[in-house]
Number of protein chains: 2
Amino acid sequence: MDSLRQQLDSYRYLVLAEGHFGPETSKTANSAIRYLPDRVLGVVDARHAGKTVADVLGFGGGIPVVASVDEGLRLGPTALLIGIAPQGGRLPHEWRPVLHTAIGAGLHLVSGLHFHLGDDGDLASTAAAHGVRIHDLRRPPAGLPVSAGRARAVEALSVLTVGTDCNIGKMTAALQMRDALRRRGSRVGFAATGQTGILIEGWGIAVDAVVADFIGGAAETLVLQAAEGNEIVLVEGQGSIVHPGYSGVTLGLLHGSMPDAMILCHAPGRRCPYGGGGVNSWMPLPSVPETIRLYESLIAPLRPSSVIAISLNTWDLTDEEARAAIARTEAETGLPVTDPVRYDPGVLVDAILAARDEKLEERAVTGTRR
Amino acid sequence: MDSLRQQLDSYRYLVLAEGHFGPETSKTANSAIRYLPDRVLGVVDARHAGKTVADVLGFGGGIPVVASVDEGLRLGPTALLIGIAPQGGRLPHEWRPVLHTAIGAGLHLVSGLHFHLGDDGDLASTAAAHGVRIHDLRRPPAGLPVSAGRARAVEALSVLTVGTDCNIGKMTAALQMRDALRRRGSRVGFAATGQTGILIEGWGIAVDAVVADFIGGAAETLVLQAAEGNEIVLVEGQGSIVHPGYSGVTLGLLHGSMPDAMILCHAPGRRCPYGGGGVNSWMPLPSVPETIRLYESLIAPLRPSSVIAISLNTWDLTDEEARAAIARTEAETGLPVTDPVRYDPGVLVDAILAARDEKLEERAVTGTRR
């Protein structure tokens, strides 16, 4: 894994987000911009060519948006990052010539698509001929176990971010908390469970890409590894427990990671489960308290665990609206609430540190809990 | 699919269950014996060589158990069925020479392992040289969608068997109900979701073998297809909603199949989730009423649906104990209960037909429900 991390850490990215660059539609691109800002040199989306990233996203500063990969080459990138994760994960047909252009210019390819670029004979042989690497971040490792609750025994406090929906900020919340915990001096491991988390962290397993029987086993493996030498493990959540398309991944991740505690992520403006073309608009999302009840009742038969705080995603609200949403959610749940991107993540970090202290005390009293 | 079905229907099986043949440890073998009795010629397990299948299982009549594939060849089989599904689904190393013996004798191979025999270069080339086919029943089809509740709109009544645990009789219950419904003249489709169901039915998708993001999409695809020309669809359940290893598959299947109703399968003697070597013995199973509550609360945000009857698996109880367990479960839940293998499945079938009539009436009143 050091090798993958070292390779990824060395890359300077041109990010391909053609036709999709925007606050809600280019998850991988946006997270690379937020967490690897010094290594993103430009974004490709002809619709926004000439603007800056900040013009489109509201953050990200003066990184330029360019009209094509060809144009982006003058920025001096060493790798092309596939910056969107279309539902179903397939390679849009019109990207093929674009990828060949990038390979021809000597750029390594980094992709989080379900479709593995390295399995495409044409791309693989062209890449080999040009001496460039193809990184398929979603390719699962071999030999995963079936999970059996092994992660419940880690000494570190494990915290899973769960959500009222997919694409709602579970990874971002976890990364904001990771950084804030490290600023307070905590030893924190981050278990990346999706392609973007792996891109940022340099290791992990995309749990939505493993064979279904091994979702939990992948999560268990990640938690055991992330706990080594750390006192807190933050597990990146996926999907939601009621999402018509992705709930299986969510529950496998919950039962495989066996978290001591959960942080619920929610976007106050979200009405229906996220899906291309409004495909899930027939279904209203359950309320925050009802969603908390569902997560807690599903982990209860395996271990005691509860939602200890709520992370809101308020990017589309005014400051006044955001503060009102936080106050309303606090009143509704009695839990600490904030938007850890917009405001200080302090109250979330406080909740995690309190849970860690409680676990330490309990272990001191009862010995190693099984 | 007709082609797969026709091929499977033509086979006369020798069933490999070496070291595992028994009532609880050789699921695929036992179901082949129950549902394809005329086409199972013998079972290989040296531990029980010389006995009959009925001696070992308590059903299955005089089918012989033999000591080796070599010995079984004299029974005249045309295919070797891998009769067990080890946790993790890998090919036990010591089977390799046995499979070569079978291929050398001209037997086709039928396997439900996660590991695809056809991907093993050595086995594949030997099979090709001997003109025998390898059927990997767990190989998923390409191009599955992400589920989005499409199955909720089928006209047929859809019924999913759910369980308090894995390996508890969800497929068997569904097949017993299928046969009983057909005897009453109903047009019933069976959506096979596991390797054994596919073996028996001749088509289906092993939902535990698809890439995790597509569990629900596989279930949705199956229900839409099984509903064609039928008034009832029985969906074979998988795992359980609280199984540490398999719950993700279970929830993806629930949300992808969007059943009108559920039948809960339970084994009164089961105390902990099933797993090799008692790996899950740290966890007590929740009660039947609590399990019903979990399933109903997880489907509720997507559609109204409830558990309408309970199917018990009482193979390890005396007749008196079985009748007591049925009475106790009826009292505990207020639902119709029986063991559809041991006794007449009538009460389960009555519950399904009543739900079908209710759905027909509702559609007549409201028009096509979306």
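Predicted model only: the values in this text are computed from it and were never measured. (Residues numbered from 1 in each chain as written. Chains lettered and ligands numbered in written order. Predicted model: local features only at pLDDT ≥ 70, side-chain atom pairs only at ≥ 80, totals over all residues.)

Chemist: Give me the lowdown on the overall build of chain A, citing residues and values where you can.
Modeler: A count of helices and strands for chain A gives 13 helices and 12 strands. The C-alpha radius of gyration of chain A comes to 20 Å, within 12% of the 21 Å expected for a compact globule of 370 residues. Seen through its C-alpha atoms, chain A measures out along the principal axes to roughly 60 × 50 × 40 Å. In chain A, which comprises 370 residues, the proportion classed as buried is 55%. Across chain A, every contact between residues at least 6 apart in sequence was considered, and the portion connecting residues at least 24 apart equals 73%. (Helix = DSSP H or I, 4+ residues; strand = E, 2+ residues; numbered from the N terminus. Rg over C-alpha atoms; globule rule 2.2 N^0.38 Å. Buried ≥ 20, exposed ≤ 12 C-beta atoms within 10 Å, placed from the backbone. Contact = placed C-beta atoms within 7 Å.)

Chemist: Please give an account of the packing of helix α5 (residues 96-104) of chain B against helix α6 (residues 121-130) of chain B that cites residues and values.
Modeler: All names here are of chain B. Two numbers describe how α5 lies on α6: the axes approach to 9 Å, and their chain directions differ by 15 degrees. Taken together, the axes of α5 and α6 lie roughly parallel to each other. α6 is crossed by α5, and the crossing has right-handed handedness. Of the residues in α6, those in contact with Leu99, His100, Ile103 and Gly104 of α5 are Leu123, Thr126, Ala127 and His130. (Axes fitted to C-alpha atoms, helices over the stretch in contact; angles between N-to-C directions. Parallel < 35°, antiparallel > 145°, perpendicular 65-115°, else oblique. Left-handed = near helix turned anticlockwise from the far one by under 90°.)

Chemist: Hey, could you go over the environment of Glu358(A) for me, with residue numbers and the actual values?
Modeler: Residue and element names in this part refer to chain A. Positionally, glutamate 358 belongs in helix α13 (residues 346-366). On the neighbour-count criterion, glutamate 358 (14 C-beta atoms within 10 Å) is partly exposed. Separated by 153 residues in the primary sequence, glutamate 358 and isoleucine 205 place their C-alpha atoms 30 Å from one another.

Chemist: Residue-level account of the pairing of strand β11 (residues 306-312) of chain B, with values.
Modeler: Residue and element names in this part refer to chain B. Taking burial as the measure, the 7 residues of β11 include 6 buried ones, the bulk of the element. Judged from the 6 bridges that link them, strand β10 (residues 261-266) and β11 form a sheet pairing that is parallel. Across the sheet, the residue bridging to cysteine 265 is serine 311, located in β11. Handedness of the β-α-β unit built from β10, helix α11 (residues 288-299) and β11 comes out right-handed. Alignment of β11 against strand β12 (residues 337-338), held across 2 bridges, turns out to be parallel. Paired with isoleucine 310 across the two strands is valine 337, which belongs to β12. A crossover connection joins β11 to the parallel β12 through helix α12 (residues 319-333); in handedness this β-α-β unit is right-handed. (Pairing = 2+ DSSP bridges. Right-handed = clockwise from strand over helix to strand, strands pointing away.)

Chemist: Describe the domain arrangement of chain A, with residues and values.
Modeler: Residue and element names in this part refer to chain A. Domain annotation of chain A identifies domain 1 (2-136) and domain 2 (150-366). For domain 1 versus domain 2, the separation of C-alpha centres amounts to 27 Å. Contact with domain 1, which involves 16 residues of that partner, is made by 14 residues of domain 2. Of all the secondary-structure elements, those providing two or more residues to the side of domain 1 that touches domain 2 are α1 (2-10) and α2 (27-35). In terms of residue count, α2 provides more of the side of domain 1 that touches domain 2 than any other element does, 5 residues in total. Considered class by class, the residues forming the side of domain 1 that touches domain 2 number 8 nonpolar, 5 polar and 3 charged. (Domains from an automatic or database assignment. Nonpolar A, V, L, I, M, F, W, Y, C, P; charged D, E, K, R; others polar.)

Chemist: Before we move on, could you go through the packing of helix α11 (residues 288-299) of chain A against α11(B) and cite the residues and values that matter?
Modeler: Relative orientation of the contacting elements α11(A) and α11(B) amounts to 145 degrees, with a least axis distance of 11 Å. Here α11(A) and α11(B) pass one another in a crossing that is left-handed. Contact with α11(A), carried on its side by Leu294(A), Ser297(A) and Leu298(A), involves Leu294(B), Ser297(B) and Leu298(B) of α11(B) and no other residues of that element.

Chemist: Can you lay out the sheet that holds β11(B) for me, pointing to particular residues and giving the numbers?
Modeler: Residues and elements named next belong to chain B. Spatial strand order, β8-β9-β7-β10-β11-β12: 6 strands in an open sheet with parallel pairing. The outermost strands of the open sheet, each flanked by one partner alone, are β8 (188-191) and β12. Two elements, β8 and strand β9 (residues 232-235), share 4 bridges in a ladder whose sense is parallel. Among the inter-strand pairings, phenylalanine 190 is bridged to a residue of β9, identified as leucine 234. Of the strands in this sheet, β7 (157-163), β8, β9, β10 and β11 are in contact with helix α7 (residues 170-183), which crosses β8 at around 165 degrees.

Chemist: Account for the sheet that holds strand β8 (residues 188-191) of chain A, with residues named and values stated.
Modeler: Residue and element names in this part refer to chain A. Here 6 strands make up an open sheet; going across it, the order is β8-β9-β7-β10-β11-β12 and the pairing parallel. With one partner strand each, in any of the chains shown, β8 and β12 (337-338) form the two edges of the open sheet. Contacting β7 (157-163), β8, β9 (232-235), β10 (261-266) and β11 (306-312), helix α7 (residues 170-183) crosses the sheet at an angle of about 165 degrees to β8.

Chemist: Which residues make up unusual backbone geometry, and what are the values?
Modeler: Residues and elements named next belong to chain A. The residue asparagine 167 is not glycine, and still its phi comes out positive at about 50 degrees. Looking at where asparagine 167 falls in the secondary structure, it is placed in the loop between β7 and α7. When the 22 C-beta atoms within 10 Å are taken as the criterion, asparagine 167 is described as buried.

Chemist: So, the pairing of strand β2 (residues 40-44) of chain A: which residues are in play, and what are the values?
Modeler: All names here are of chain A. In terms of residue burial, β2 counts as a mostly covered element, since 4 of its 5 residues are buried. Looking at chain direction, strand β1 (residues 13-16) and β2 are connected through 4 bridges and run parallel. Within β2, the residue paired with valine 15 across the bridge is valine 43. Taken together, β1, α2 and β2 constitute a β-α-β crossover, and its handedness is right-handed. The pairing of β2 with strand β3 (residues 65-66) spans 2 bridges and is parallel.

Chemist: How would you explain the interface of chain B and chain A if you had to name every residue and give the values?
Modeler: The interface is formed by 38 residues belonging to chain B together with 39 residues belonging to chain A. Residue assignment for the side of chain B that touches chain A shows that the elements contributing at least two residues are α9 (215-227), α10 (247-257) and α11 of chain B. Its residues assigned to classes, the side of chain B that touches chain A comprises 21 nonpolar, 14 polar and 3 charged.

Chemist: Quick rundown of α11(B)? Include the residues and the values.
Modeler: Residue and element names in this part refer to chain B. End to end, α11 covers 17 Å across 12 residues, agreeing with the expected 16 Å (1.5 Å per residue, within 8%). Listing the buried residues of α11 in full gives Val288, Thr291, Ile292, Leu294, Tyr295, Leu298 and Ile299. Buried residues of α11, seen end-on, are gathered within an arc of 160 degrees and therefore sit on one face of the element. (Expected span 1.5 Å × (residues − 1). Arc of directions from axis to C-beta.)

Chemist: Give a description of the relation of the copies chain B and chain A that names residues and reports values.
Modeler: Its rotation angle being 180 degrees, the transformation that places chain B on chain A also includes 0.0 Å of axial translation and leaves an RMSD of 0.0 Å. Taken together, the rotation angle and the small translation identify this as a two-fold axis. In this assembly the copies share their binding face: 100% of the residues contributing to the interface of chain B also contribute to that of chain A. (Least-squares fit on C-alpha atoms with pLDDT ≥ 70 in both.)

Chemist: Mind laying out α7(A), listing which residues take part and the relevant values?
Modeler: All names here are of chain A. With 14 residues, α7 extends 20 Å between its outermost C-alpha atoms, agreeing within 8% with the 20 Å of an ideal straight helix rising 1.5 Å per residue. With respect to burial, α7 is a largely interior element, 10 of its 14 residues being buried. Residues Lys170, Met171, Thr172, Ala173, Ala174, Leu175, Gln176, Met177, Arg178 and Leu181 constitute the buried set of α7.

Chemist: Tell me about the nonpolar core, and name the residues and values.
Modeler: Membership of the largest hydrophobic core comes to 240 residues, with the highest contact counts inside it found for Val15(A) and Val15(B). If one sorts the elements of this core by residue count, α9(B) sits on top with 7 residues. If near-sequence neighbours (up to four positions away) are discounted, Val15(A) is found in contact with Ala29(A), Ala32(A), Val40(A), Val43(A), Val44(A), Leu81(A) and Gly83(A). (Core = buried A, V, L, I, M, F, W, Y, C linked by C-beta atoms within 7 Å.)

Chemist: Please give an account of the environment of Asp45(B) that cites residues and values.
Modeler: Residue and element names in this part refer to chain B. Relative to the helices and strands, aspartate 45 resides in the loop between β2 (40-44) and α3 (53-57). Among the residues examined, aspartate 45 registers 24 C-beta atoms within 10 Å and is labelled buried. Separated by 316 residues in the primary sequence, aspartate 45 and glutamate 361 place their C-alpha atoms 53 Å from one another. Those residues within four positions of aspartate 45 in sequence are excluded, and the remaining contacts are Ala17, Glu18, Gly19, Phe21 and Val65.

Chemist: Give me the environment of Ile299(A): which residues, what numbers.
Modeler: Residue and element names in this part refer to chain A. Inspection of the secondary structure assignment puts isoleucine 299 in helix α11. With 45 residues separating them in the primary sequence, isoleucine 299 and leucine 254 have C-alpha atoms 7.3 Å apart. Apart from the residues within four sequence positions on either side, isoleucine 299 is in contact with Leu254 and Ser305.

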